[in-house]
Amino acid sequence: MNASLRQLRAFVAVATSRSFSRAADAMALTQPAISRNVTELEQLLGLQLLHRTTREVELTEAGRLLLGNVTRVLEDLDACLLEVQGLATQRKGRVKVASSPTLSAHLLPQCIARGKLQSPGVNIQLLDRIQSDVLLSVRSGEVDFGVVIDPSERQDLHVQTILTEPFCLVCLSSDKLARKKEVHWADLAGQPLVLLDHASGSRRLIDAALQAHGAAASVVQDVGHTTTIYSMVEQGLGLSVVPQLAVPSEWKKRAATTGKAGEEAALVSRKLVPQVQRSIMLVRRLQRELSPVAQLVWDLIADEAAQRLEGGD
């Protein structure tokens, strides 16, 4: 059985007003349209719902039974539609975001803190995962969206680039390369390197840059987190290449005050030239629209990234 909402609403309007003309006015339809909808409903049910006379409209027994039940159903439906419509303007709910480790550590905490201030009713739940798992959680629908480094395969994803940033060299302040303001990729040839492992979205970009510039370096350690990298570099185990976002802010502050790019620190960062950029992207399933509250968080992260870009951070 396939009764339409318009047929049911027309019947209720006639039954409650006891008039086809008054029902037509209430629904902003013509009287013939109201009559046609009620007649079609009666034909569908195989029952007469209304007694029609020249003076008034009366409900049959079937009409009275239908009116009582349909009125409740339509009231519940209208309440549900109003509740759903309210989602478009409300700023409450939980949003699940998956992010790769360097982004979880250096971008998302600020976004979550800002979200608490701007939209206290929004709960941003962060899932800190390697990039391949972030993409899997996005594709499976486990999370609303993800924050990743430019994925190699993204045909089934909607992506938005929110930030591009260069890679930097990290070394001891006593290293000969620390004396340079800029270090060429080719200068890394023969050097021992401690790098992010292949689970990182950055590793394939670093490997490609080393190969493109003829820097046949020796990778002595593959690790999962930049904090581990820094500890190893401090122990003299090698140099490293990391994204600019992962460079601690205190190094930048020290460089601004001393004018010597952090020369007083145990570790320093140097620009690598020519610049190789990585793109940080928001990703969601191609055919899945975000809820209004998830879109709010998506826009918040994009705006935070844009402010970092403008500030040169």
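Description of the structure in this document. (Residues numbered from 1 in each chain as written. Predicted model: local features only at pLDDT ≥ 70, side-chain atom pairs only at ≥ 80, totals over all residues. Heavy atoms only, no water.)

Quick notes on the packing of aromatic side chains
What describes a pair of aromatic rings is the distance from one ring centre to the other and the angle between the planes of the rings. As a reminder, the rule being used: Stacked, tilted and edge-to-face are the three classes applied to pairs of Phe, Tyr and Trp rings, where Trp contributes its six-membered ring and a pair requires centres within 6.5 Å; stacked means planes under 30 degrees apart, edge-to-face means over 60, and tilted covers the rest. In this description a helix means any DSSP run of H or I spanning at least four residues, a strand means any run of E spanning at least two, and both kinds are numbered starting from the N terminus. In this scheme, a residue with accessible area under 20% of its type's maximum is buried, one over 50% is exposed, and one in between is partly exposed, where area comes from a 1.4 Å probe on protein chains only.
Evaluated as defined, the whole model comprises 1 aromatic pair. Centre to centre, the rings of F145 and W298 are 5.2 Å apart; their planes meet at 70°, and the pair counts as edge-to-face. In this pair, F145 is assigned in strand β5 (residues 145-149) and W298 in helix α11 (residues 292-311), connecting sequence segments 153 residues apart. Residue F145 is classed as buried on the basis of its relative accessible area of 0%. You can call W298 buried: its relative accessible area is 2%.

Examining the side chain of K96
How we decide: By the counting scheme adopted, Arg and Lys are positive, Glu and Asp are negative, and His together with the chain ends is not counted. What makes a salt bridge here is a side-chain nitrogen of Lys or Arg within 4 Å of a carboxyl oxygen of Asp or Glu, nothing more. Whether two residues are in contact is decided by their heavy atoms: any pair within 4.5 Å suffices.
For K96, the location among the structural elements is in strand β3 (residues 93-99). Among buried charged residues, K96 stands out as having no salt bridge; its nearest opposite-charge side chain is E142, 4.8 Å away. When sequence neighbours within four positions are dropped, the list of residues in contact with K96 reads Q125, L127, E142, V143, D144 and F145.

Description of the nonpolar core
Formally: To qualify as a nonpolar core, a set must consist of buried Ala, Val, Leu, Ile, Met, Phe, Trp, Tyr and Cys residues joined through side-chain atoms within 4.5 Å. Note that the domain bounds reflect an automated or database-derived domain assignment.
F145, I162, W185, L188 and I301 are the most contacted members of the largest nonpolar core, which totals 45 residues. With 8 residues, the top contributor of residues to this core is α11. Structurally, this core is a two-domain feature, drawing no fewer than three residues from each of domain 2 (95-161 + 282-311) and domain 3 (163-278). I162 has contacts with L107, I280, L282, I301, A302, A305 and A306, leaving out every residue within four places of it along the chain. The next biggest cluster of nonpolar side chains, apart from the first, holds 21 residues, and it includes V14, A24, V57 and L59.

Details of the pattern of salt bridges
In the structure shown here, the tally under the stated rule is 12 salt bridges. Note that R203 is salt-bridged to D222, the shortest N-O span being 2.4 Å. Of this pair, R203 sits in helix α8 (residues 203-212) while D222 sits in strand β9 (residues 218-223), and the two are 19 residues apart along the sequence. Given a relative accessible area of 4%, R203 falls into the buried group.

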